[in-house]
Amino acid sequence: MKDPFLDNETTQPTELRDFIEWHQGIKYYGFWAIEIHNQACLKKIKLSQQQLTDKLHPNYLRQPHITLSASGLMDEKHFTQASLQQQIEKLKENNLLAFPLNLSKAHSFTTSPYLTICDSLNSIATLRNLLNTICIEQDAAEYVPHVTLGFYNQAYKASTLALQLAAMSTADTEFTVNEIVFARYSTHEIQGCYQVLHRIALKAPRDSAYNLEH
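Because the structure is predicted, anything quoted here is derived from the model rather than measured. (Residues numbered from 1 in each chain as written. Predicted model: local features only at pLDDT ≥ 70, side-chain atom pairs only at ≥ 80, totals over all residues. Heavy atoms only, no water.)

### Quick look at unusual backbone geometry
At Asn59, a position not held by glycine, the phi torsion is positive, near 65°. Along the polypeptide, Asn59 turns up in the loop between α2 (39-51) and β2 (65-73). (Helix = DSSP H or I, 4+ residues; strand = E, 2+ residues; numbered from the N terminus.)

Pasting the structure below:
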């Protein structure tokens, strides 16, 4: 299978500045996510970041997470409180069950390296479909579940970097998703922490099979 990352000759460095032409003064950007708290996963993420430290901007403070849906800029013209409340109600009424994921190999987008997520039960797709029945996410790019490791500080040759990322990859680490969150980050801080506004707990499965109830 062709690797889309290798369609690019080099990576694209990220400017660390306030992108006012994007947010136009709107303070916050909202998104649904799965937070990573599993200690083995956190260790794997930290080690991967350390192996790439010379290629990444320092002070990437955003907590490890998997974005489920990029809701968008938070105001009455973009992503509204009414839309958020409808999504919360939709999720709660579906009695969602906990499910397993695997933190897998290292890979990259043009602007950032990441660790891939393996979802054998397609549980993430089910969650995304529920959210998108209320409000279609803003990000038009093809969705790839992942954990971002940071942003590139320079342009690096993609083919060389792909080899380094492949050499970094280790065995998959399984973890259980027990809740999903809605969070926001300041649009003025591209590498800043996010703030969780809502948490949706997922129920323990009634048997050994992990599923999402419909």
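### Description of helix α3 (residues 81-93)
Compared with an ideal rise of 1.5 Å per residue, which puts 13 residues at 18 Å, α3 spans 18 Å between its outermost C-alpha atoms and is within 8% of the ideal. Within α3 the residues assigned to the buried category are Ser83, Leu84, Gln87, Ile88 and Leu91. An end-on view of α3 places all buried positions within 140° of arc, on one side of the element. Summarising the geometry of α3, the exposed residues directed more than 90 degrees from the buried face are Lys92 and Glu93. Buried positions along α3 lie against β1 (28-35), β2, α4 (123-134), β7 (179-186) and β8 (194-201). Where α3 terminates, the next one or two residues include Asn95, which has phi positive at roughly 50°. (Expected span 1.5 Å × (residues − 1). Buried < 20%, exposed > 50% of the residue type's maximum accessible area, 1.4 Å probe, protein only. Arc of directions from axis to C-beta. Contact = heavy atoms within 4.5 Å.)

### Section: the sheet that holds strand β4 (residues 113-118)
To summarise the sheet geometry, strands pair through backbone hydrogen bonds and adopt either a parallel or an antiparallel arrangement. A sheet is described by the order of its strands in space; here 4 strands give the open sequence β5-β4-β3-β6, paired in antiparallel fashion. In the strand order of this sheet, the two ends are held by β5 (146-148) and β6 (173-177), each with one partner. Between one strand axis and the next, the sheet turns by 35° as a mean value, whatever way the strands run. Pairing of β4 with β5 involves 3 bridges; the strand directions are antiparallel. (Pairing = 2+ DSSP bridges. Axes fitted to C-alpha atoms, helices over the stretch in contact; angles between N-to-C directions.)

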